[in-house]
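Structure assessment
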Amino acid sequence: MKFTIKVWRQNGPKDKGRFETYPLDGIDDDMSFLEMIDVLNQNLLTEKKDPVTFDHDCREGICGMCSMYINGTPHGPEKATTTCQLHMRSFKDGDTITIEPWRAKAFPVIKDLMVDRSAFDRIIQAGGYISINTGNAIDANAIPIEKDLSNEAMNAAVCIGCGACVASCKNSSAMLFLSAKVSHLNLLPQGKAEAKRRVNSMMKAHDSEGFGACTNTGACHAVCPKEISLTNIARLNREYIGASLTSEKE
Amino acid sequence: MNWITEFFTSTIGKKVIMSLTGLFLCLFLLIHLVGNLQLLLNDGGAAFNAYSEMMSKNPFIKAVSFILYFSILLHTVRGILLWQQNRAARGGVGYAVKKANDASFASRNMALLGSLMFIFIAIHMAQFWYQFKFGDVASGSIAPYDKIATAFEVPWIAILYVVAQIAIAFHLWHGFQSAFQTLGLNHSKYTPMVKGLGYVFSILVPLGFAIIPLKFLLG
Ligand code: HEM
Ligand code: SF4
Ligand code: FES
């Protein structure tokens, strides 16, 4: 397959950046999108040019690193698919493919397609964990959890922190991510003990990182590779309003 | 920071203000419409004039009207500041290619639609509210019904009122259900009903308002 690759090149956080266009030939339709960029970079290296910097790690759809905007959609045209799990057969021979980094104030570009998503880490550090020392793992069935509830929690827990929700949101709001992390813990008995403290401090971290407010457009859910549901955002709102009203004064 | 200010300055707290004032304005619109539909009666304005007289004298209505003015201003100012904050969060660089996704036209343009509505509300208040309170209606030189009837015989005024209803319809198409989501009022049984009610509300209420100027223009 043959493509014209139009990709964002930016030397560093301070550089203004620009698009470069590269013709690319000899792509197999079974290659993943990242393998296609590997081929492009191989070509650039043989031409003694700087290869395109992009984030990737697991290449199996579970780490959330492979963040890039492909032809106007985060992670490209396939629904519920990360960039690393996207294959070149999803494109037509001869297509021009435009690749851009996530755009949000809280995700500054480091180089080319690589952005700094450590704002998400700081939100997790604010309360996305359970602060008890468990010692040995306890028996899996020692705490009974209703099946519907555990499904809800697990459907939220599959969020891989990729940031596509922020990238597609016209407000650069991280509510879908935040709501997934809060729901996953606050729904389960192990997380309930610290539920109010958690939602208060994670919310504060979300705001201080400079993410916007949710206006319920639903763009995030449409592009989320893990199809995190908008009901999580309603739950987050409910938990936060409740926690603000009823938590003890600090 | 005090916990109350902390709540209302958080992104969720700001949205809670939008949703509470927005829902209060929805309730007002419904009551306003029911009262105004008396303009459609073929009684030469007797019912509407009596209603207008009652509304201007009732102390309860007076008190509520101040809550209403406050809500409109709060909703508008908070909405525009929120729009500004959200735009700043994008960081100024857009995408060269952007594909449409699930976000509806109304949901993407709430601040624009709201601003159009605010301009309309200002014109509407200058034209009727001010005249009813301090102008020629207040001084008794023209009856409320006749004031409205003569205004809507002017085609561009009647058309302006009809066009404004379109902005209101779009704003509420998204806003009604969005307010419930913002308050965390989501449930697999009731959310579909809330959404359905919102869609019906966002069409029927502006339609009801649009009929009034059209009646005077065409009738
Ligand atoms: C006066 C000018 C107005 C402006 C500038 C304005 C602006 C806005 C903005 C920016 C939002 C937030 C966007 C969003 O949540 O998606 C909003 C939400 C809303 N507005 Fe307005 N609006 C105005 C008038 C009205 C009126 C007259 C009504 C009611 C009849 C109304 C009802 C609502 C509702 C129900 C929401 C949803 C709140 C939520 O999502 O939490 N607005 N408005
Ligand atoms: S909610 Fe979805 S889009 Fe957002 S970070 Fe998690 S997996 Fe990615
Ligand atoms: S590289 Fe890990 S999800 Fe794509």
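Everything quoted here is computed from the prediction, not taken from an experiment.

Residues and elements named next belong to chain A. Splitting chain A by domain gives domain 1 (3-110) and domain 2 (117-249). Summarising the inter-unit geometry, the C-alpha centres of domain 1 and domain 2 are found 29 Å apart. Taken together, the contacts link 20 residues of domain 1 with 20 residues of domain 2. Taking both sides of the interface into account, the surface hidden between domain 1 and domain 2 amounts to around 1,500 Å²; carbon and sulfur atoms contribute 61%. The three residues of domain 1 that bury the most area against domain 2 are Ala80, Ala106 and Phe107, which together make up 33% of that side's buried surface. At the junction of domain 1 with domain 2, the criterion picks out 0 salt bridges. At the surface where domain 1 touches domain 2, the tally comes to 3 residue pairs in polar contact (both at pLDDT 80 or more). Tallied by class, the residues present in the side of domain 1 that touches domain 2 amount to 10 nonpolar, 7 polar and 3 charged.

In this section: the site of ligand 2. Residues and elements named next belong to chain A. Around ligand 2, a shell composed of 14 residues is seen, among which Cys159, Cys162, Gly163, Cys165 and Cys224 lie nearest. Broken down by secondary-structure element, the contributors of at least two residues to the shell around ligand 2 are helix H4 (164-168) and helix H5 (175-186). Residues that form the shell around ligand 2 fall into these classes: 11 nonpolar, 2 polar and 1 charged.

All names here are of chain A. In space, the 5 strands of this open sheet follow the order S2-S1-S5-S3-S4, with mixed pairing throughout. Where the open sheet ends on each side, the last strands, each with one partner, are strand S2 (18-24) and strand S4 (73-74). Its contacts with the sheet place helix H1 (residues 33-46) against strand S1 (3-9), S2, strand S3 (69-70) and strand S5 (96-100), and it is angled at close to 90 degrees to S2.

All right, on to the coordination of the iron atom of ligand 1 then. All names here are of chain B. All of the protein donors around the iron atom of ligand 1 are His75 (NE2) and His171 (NE2); their distances to the metal are 1.9 to 2.1 Å. Relative to the metal, the 6 donor atoms surrounding the iron atom of ligand 1 lie at angles of 85 to 178 degrees, and the coordination shape comes out octahedral. Placement of the pair is His75 in helix H4 (residues 59-90) and His171 in helix H8 (residues 155-182), with a sequence separation of 96 residues.

Neighbouring ligand 1 are 25 residues, the closest being B:Lys15, B:His75, B:His171, B:Ser178 and B:Thr182. At ligand 1, the nearby residues belong to more than one chain, namely chains A and B. One nitrogen or oxygen atom from the side chain of B:Ser178 is found 2.4 Å from an oxygen atom belonging to ligand 1. At 2.7 Å, a side-chain N or O of B:Thr182 approaches an oxygen atom of ligand 1. Broken down by secondary-structure element, the contributors of at least two residues to the shell around ligand 1 are helix H2 (11-36), H4, helix H6 (110-133) and H8 of chain B. Residues belonging to the shell around ligand 1 are distributed by class as follows: 11 nonpolar, 13 polar and 1 charged.

Okay, the pattern of salt bridges next. Residue and element names in this part refer to chain A. Within the structure shown, the criterion is met by 16 salt bridges over all chains. Between Lys111 and Asp50 there is a salt bridge, and its shortest N-O distance comes to 2.8 Å. Remark: Asp50 occurs in the loop between H1 and S3 and Lys111 occurs in strand S6 (residues 109-111); sequence separation between them is 61 residues. For Asp50, a relative accessible area of 40% corresponds to the partly exposed category.

Before going further, it helps to examine H5(A). All names here are of chain A. If you check H5, its first and last C-alpha atoms are 15 Å apart, about what 12 residues at 1.5 Å a residue would give, namely 16 Å. Burial analysis of H5 places 11 of its 12 residues in the buried class, the great majority of the element. Those residues of H5 not exposed but buried are Met175, Leu176, Phe177, Leu178, Ser179, Ala180, Lys181, Val182, Ser183, Leu185 and Asn186.

The next point concerns the packing of H5(A) against helix H9 (residues 231-246) of chain A. Describing two packed helices takes the angle between their axes plus the distance from one axis to the other. Residue and element names in this part refer to chain A. Running from N to C, H5 and H9 cross one another at 70 degrees; their axes reach a closest spacing of 8 Å. Of the possible angle classes, the one that applies to H5 and H9 is roughly perpendicular. Between H5 and H9, the residues in contact are Met175, Leu176, Leu178, Ser179, Ala180, Val182, Ser183 and Asn186 and Asn232, Ile233, Arg235, Leu236 and Glu239, respectively. Residues of the contact of H5 with H9, tallied by class, amount to 7 nonpolar, 4 polar and 2 charged.

Much of the literature gives interface size as the accessible area that the parts lose upon coming together. In this complex, chain A contributes 47 residues to the contact, which on the side of chain B involves 36 residues. In total, about 3,300 Å² of surface goes out of reach between chain A and chain B, with carbon and sulfur atoms giving 55% of it. Ranking the residues of chain A by area buried against chain B places A:Arg103, A:Lys170 and A:Asn216 at the top, with a combined share of 17%. Taken together, chain A and chain B are joined by 1 salt bridge. Taking the shortest distance from any N to any O, the salt bridge between A:Lys204 and B:Glu6 comes out at 3.5 Å. Linking chain A with chain B are 24 residue pairs in polar contact (both at pLDDT 80 or more). Here the side of chain A that touches chain B takes 10 residues from H9(A), the largest share from any one element. Within the side of chain A that touches chain B, the residues separate by chemical class into 23 nonpolar, 17 polar and 7 charged.

Calculation rules
Residues numbered from 1 in each chain as written. Chains lettered and ligands numbered in written order. Predicted model: local features only at pLDDT ≥ 70, side-chain atom pairs only at ≥ 80, totals over all residues. Heavy atoms only, no water. Domains from an automatic or database assignment. Contact = heavy atoms within 4.5 Å. Buried area = accessible area lost by both parts, 1.4 Å probe. Salt bridge = Lys/Arg side-chain N within 4 Å of Asp/Glu carboxyl O. Polar contact = N/O pair within 3.5 Å; in protein donor to acceptor, adjacent residues only side chain to side chain. Nonpolar A, V, L, I, M, F, W, Y, C, P; charged D, E, K, R; others polar. Near = heavy atom within 4 Å. Helix = DSSP H or I, 4+ residues; strand = E, 2+ residues; numbered from the N terminus. Pairing = 2+ DSSP bridges. Axes fitted to C-alpha atoms, helices over the stretch in contact; angles between N-to-C directions. Donors = N, O, S within 2.8 Å, 3.2 Å for Na, K, Ca; no water. Tetrahedral: all angles 85-135°; square planar, octahedral: opposite > 155°, others 65-115°. Buried < 20%, exposed > 50% of the residue type's maximum accessible area, 1.4 Å probe, protein only. Expected span 1.5 Å × (residues − 1). Parallel < 35°, antiparallel > 145°, perpendicular 65-115°, else oblique.

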